[in-house]
Amino acid sequence: MKAVRIYGEKDVRVEDVTIDDPKDDEVQVRVKYCGICGSDLHAYLEGWGLPTQPYPLTGKTVPITLGHEFSGEVVKVGKDVDTLKIGDDVAIEPLIACGKCENCRKGDYNFCNNAVAADGAGNFLGFSQDGGFAEFANVQGVFAHKLPEGMDPELGAVAEPTAVVYEAVKRSGLREGENVAVMGAGPIGLLMALLAKISGANKVYIVDVSKVRLAKAKELGIENTINPSEEDVNEVIRKDLLNGVDITFECAGVQATFDTALKVTKRTGTLQVVALFGKDVSMNMTDDVIMQGINITTTLCYNNSFPAVLGIINNHPDTFRKIITKEIGLDQDVDEGIKALAEDKSQVKILVSPDL
Ligand SMILES: [Zn+2]
Ligand SMILES: [Zn+2]
């Protein structure tokens, strides 16, 4: 079968490989769609998250088949999997976890203690186990979630990034009627703003320096866009909301946006960190955090969220379809996919399909 495999920094090859039968606790899926993520770009540009030595739970090292945001059809079922049958359409939750450690047992399997690698390799399919930029993939049955009846598999491929922002909503404690700000209008920021609206937020502000991205936000129905290179974000928000927003979702991950996030969040509000930060950030802990009663909370991946997320997407198919901006084949994955995502700010979710 054809697979897009990464060997290291800037070394991705489309190759013909063989795939084993699924193990007893696995299913084999014929991949239908697989989204390209910012982390695929970091893996490509910097070799970020790739196993350079055997990964603890999988024993894998590069080369690895990239791709972790995928949907497909079950074509083979391991003998211990009794929840799925051949022909089922599924969305893949791409985590790698042992299922036995303290964190796995309490449901925090995204923090599996046995999925920590000395070289920082990611606990994900597409990083430390072969992923979805291929014609077929073997995945654990428990991580293959059946799509709601009649749901388009294109939308199934959007479940993974939506699960990221769903987890952020959970962690933030967002309730109907609260006001939120979202820093950054990249793919995750846009999904974050959409999900905040769906979750019942009153006002949703989205902040980005890119006009193209803010235009995209408007297209998705997020009316309150703010460009910090043109306006003072805090002033704009406080004109409407004297005390600031209840929750700020930090989806950009740089010092400047973190500073703004602290400023626009109301006293006793929540600053929910969603982005990964490339550099250290500093803050005035006493004056700007403690004395304001700001809760800074973080989130990483998701757990026990996929069924809920698939339901949400299936209830708002037209909205989520709008974030899919391009579809390409496996051969175009790097040039028209991963690189386009880096260079073209009008792209939100680029889907790769082996059928194209
Ligand atoms: Zn992703
Ligand atoms: Zn574990």
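See above for the structure.
Residues numbered from 1 in each chain as written. Chains lettered and ligands numbered in written order. Predicted model: local features only at pLDDT ≥ 70, side-chain atom pairs only at ≥ 80, totals over all residues. Heavy atoms only, no water.

(A) Representation of the overall build of the protein in the model. Secondary structure summary: the protein contains 12 helices and 16 strands in total. Computed over C-alpha atoms, the radius of gyration of the protein comes to 20 Å, within 12% of the 21 Å expected from 2.2 N^0.38 for 356 residues, which places it in the range of a compact globule. Considered along the principal axes of its C-alpha atoms, the protein spans approximately 60 × 40 × 40 Å. Contacts in the protein between residues at least 24 apart in sequence constitute 72% of all its contacts with a sequence separation of at least 6. When the accessible surface of the protein is totalled, it reaches about 15500 Å², and 47% of it is carbon and sulfur. The protein carries 36 positive and 53 negative side-chain charges, and their two centres are separated by 3 Å. (Helix = DSSP H or I, 4+ residues; strand = E, 2+ residues; numbered from the N terminus. Rg over C-alpha atoms; globule rule 2.2 N^0.38 Å. Contact = heavy atoms within 4.5 Å. Areas by Shrake-Rupley, 256 points an atom, 1.4 Å probe, with all protein chains shown as cover. Lys, Arg positive; Asp, Glu negative; His and termini not counted. Charge placed at Lys NZ, Arg CZ, Asp CG, Glu CD.)

(B) How the structure looks around the environment of Lys-266. Relative to the helices and strands, Lys-266 is located in strand 13 (residues 265–273). Judged by relative accessible area, Lys-266 falls into the partly exposed class, the value being 24%. Counting along the chain gives 87 residues from Lys-266 to Asn-179, while the straight-line C-alpha distance between them is 9.9 Å. Dropping the residues within four chain positions of it, Lys-266 is found in contact with Asn-243, Gly-244, Val-245, Asp-246 and Ile-294. (Buried < 20%, exposed > 50% of the residue type's maximum accessible area, 1.4 Å probe, protein only.)

(C) Highlighting a nonpolar patch on the surface. On the surface, a cluster of nonpolar side chains totalling about 460 Å² of accessible area is made up of Met-283, Met-285, Ile-290, Met-291 and Ile-296. Relative to the helices and strands, Ile-296 resides in strand 14 (residues 295–298). The class for Ile-296 is partly exposed, based on a relative accessible area of 33%. (Patch = residues over 30% accessible without salt bridge, like charges linked within 9 Å, V, L, I, M, F, W, Y side chains within 5 Å. Salt bridge = Lys/Arg side-chain N within 4 Å of Asp/Glu carboxyl O.)

(D) The sheet that holds strand 4 (residues 64–65), seen in detail. In space, the 3 strands of this open sheet follow the order 2-1-4, with antiparallel pairing throughout. With partners counted over all chains shown, the strands left at the sheet margins are strand 2 (11–16) and strand 4, one partner each. The pairing of strand 1 (residues 2–8) with strand 4 spans 2 bridges and is antiparallel. Paired with Ile-6 across the strands is Ile-64, a residue of strand 4. (Pairing = 2+ DSSP bridges.)

(E) Structural context of the side chain of Thr-257. Inspection of the secondary structure puts Thr-257 in helix 8 (residues 255–264). A polar contact is formed between the side chain of Thr-257 and the backbone oxygen of Val-254, at a distance of 2.9 Å. The residues touching Thr-257, leaving out its near neighbours within four places in the chain, are Met-183, Glu-250 and Ala-252. (Polar contact = N/O pair within 3.5 Å; in protein donor to acceptor, adjacent residues only side chain to side chain.)

(F) Highlighting the coordination of the zinc ion (ligand 1). Protein coordination at the zinc ion (ligand 1): the donors are Cys-37 (SG), His-68 (NE2) and Glu-69 (OE), at 2.1 to 2.4 Å from the metal. Look at where the donors of the zinc ion (ligand 1) fall in the sequence and you get C-x30-H-E. Each member of the pair, His-68 as well as Glu-69, carries the same accessibility label: buried. (Donors = N, O, S within 2.8 Å, 3.2 Å for Na, K, Ca; no water.)

(G) Inspection of helix 1 (residues 38–46) at higher detail. All buried positions along helix 1 are accounted for by Ser-39, Asp-40, Leu-41, Ala-43 and Tyr-44. On the buried face of helix 1, the contacting elements are strand 1, strand 2, strand 3 (26–35) and helix 12 (333–343). Immediately beyond the C-terminal end of helix 1, within one or two residues, lies Gly-47, with a positive phi of roughly 75°.

(H) Broad picture of the coordination of the zinc ion (ligand 2). Within the first shell, the zinc ion (ligand 2) binds the protein through Cys-98 (SG), Cys-101 (SG), Cys-104 (SG) and Cys-112 (SG), at distances of 2.3 to 2.4 Å. Note that the zinc ion (ligand 2) binds 4 donor atoms; their angles at the metal cover 103 to 116°, and the shape is tetrahedral. Here the donor residues of the zinc ion (ligand 2) share one chain and are spaced in sequence as C-x2-C-x2-C-x7-C. Residue Cys-98 is located in the loop between strand 6 (89–92) and helix 2 (102–105), and its partner Cys-112 is located in the loop between helix 2 and strand 7 (136–140); the two are separated by 14 residues in the primary sequence. Accessibility classification places Cys-98 together with Cys-112 in one group, the buried group. (Tetrahedral: all angles 85-135°; square planar, octahedral: opposite > 155°, others 65-115°.)

(I) Region of interest: the pairing of strand 9 (residues 180–183). Of the two faces of strand 9, the one holding Val-180 and Val-182 and the one holding Ala-181 and Met-183 are both buried throughout. Relative to strand 10 (residues 204–207), strand 9 runs parallel, the two sharing 4 bridges. Residue pairing across strands places Val-180 opposite Val-204, the latter belonging to strand 10. In terms of handedness, the path from strand 9 via helix 5 (residues 187–198) over to strand 10 forms a crossover that is right-handed. With 4 bridges connecting them, strand 9 and strand 12 (residues 245–250) associate as parallel partners. The residue of strand 12 that forms the bridge with Met-183 is Glu-250. (Right-handed = clockwise from strand over helix to strand, strands pointing away.)

Just distances and angles here, no functional claims.
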